[in-house]
Every structure is written in structure tokens, then in C-alpha cells.
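Structural overview
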Amino acid sequence: MQKDYLGPAAEARKAGKAAIKEGRHDDAWGYFHDQKSLYMQQANRSEFTALQVLALDSTVHVDLANILRLEKRDHEALAHILYVVIAQGARASKQDEQKLATYFKRCKLQNTDIADVKKFASSKIAYPDFLSAQSKAKEWIGRG
């Protein structure tokens, strides 16, 4: 019998959501990273494609961005929500695209506009990953 990773991943997410409600952001962060790890174990066992792995992994970053938003760490949150959108590619939901615009506005950047963000988010990045999203967000933030 194969080990179930999705059930424990769902439990980790539930625990993370509860921790956020209780204001225990560090605990929530840990639970969400446990969820990511369990997702990767499931993806490995099931031999997911790279795009399937990205789609699964990136969903957790919505919750990670939310924690950073609650902590008023908007610049860091932007990188996480940007990752969600680039990892989902053409499958990105309108809700996630709207979140990207909202998170961008919170950063109050002077020398980058939402058109730049949307252009990057819609570009066909061969292998999108969190580090590329983080690097791009830092570039925008560095411009002010």
C-alpha cells in the first residue's frame, strides 16, 4: 500500500490556517512548509511533470504571501504571489492575478508600474521558480 501524502498535507494546511487565526505566524509558516514538503513527496511518488509540480507547489505560496501581508512585509509578499501567477502560467486564476495587482499596489513602488508586473507575469518563463519571482520582485523594489 502506498503512503498517503495528500491527507497529511491537507492537515498541515488546516493547522496553518488555524495558527494564522490565532496570530501564530511562525507556526503557520512551518505548517505551510510541511505542506509543501508533503506535496513534493506526493509529486515524486506519482512522477509528476515539472509543470504539475509547479502548479501544486505554488498553491501554498498564496498562504505564505498572506502571512507576510499580515506582518506588513509587503515587498516579500509580492514575490510569493508573483510566483503563484508565473508558476500557474496560463492556468493562473483571475483571483490570483487580482491578488498580484493588489499586493503590487501595497508596495507603493514609484519606478515600476502594474503593466511591467503583468507583462512579466504573462511572459512564458520556461522554468518558473520562486527564486526567479523573488529576484524580479527585488529588482522592482530596488527601482523604488
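Look up a bit, the structure's there.
Residues numbered from 1 in each chain as written. Predicted model: local features only at pLDDT ≥ 70, side-chain atom pairs only at ≥ 80, totals over all residues. Heavy atoms only, no water.

We now examine unusual backbone geometry. Keep in mind that most residues, glycine aside, have a negative phi and that most peptide bonds are trans. For glutamate 47, which is not glycine, the phi torsion reads 55 degrees and is therefore positive. As for its position among the elements, glutamate 47 is in the loop between helix 2 (25-45) and helix 3 (50-70). Taking the relative accessible area as the measure of exposure, glutamate 47 reaches 70% and is therefore exposed. In this model, lysine 72 sits at a positive phi of 60 degrees, which is unusual for a non-glycine residue. (Helix = DSSP H or I, 4+ residues; strand = E, 2+ residues; numbered from the N terminus. Buried < 20%, exposed > 50% of the residue type's maximum accessible area, 1.4 Å probe, protein only.)

Before going further, it helps to examine the pattern of salt bridges. Counted according to the given criterion, the structure contains nine salt bridges. Among the ionic pairs, arginine 24 bridges to glutamate 22, the shortest N-O distance being 2.7 Å. Overall, arginine 24 belongs to the partly exposed group, its relative accessible area being 31%. Take glutamate 22: its relative accessible area is 55%, and that puts it in the exposed class. We note a salt bridge from arginine 73 to glutamate 76, for which the minimum N-O separation is 2.7 Å. You can call arginine 73 partly exposed: its relative accessible area is 35%. Overall, the relative accessible area of 38% leaves glutamate 76 in the partly exposed class. Among the ionic contacts, a cluster of salt bridges with common partners joins Arg13, Lys17 and Asp63. (Salt bridge = Lys/Arg side-chain N within 4 Å of Asp/Glu carboxyl O.)

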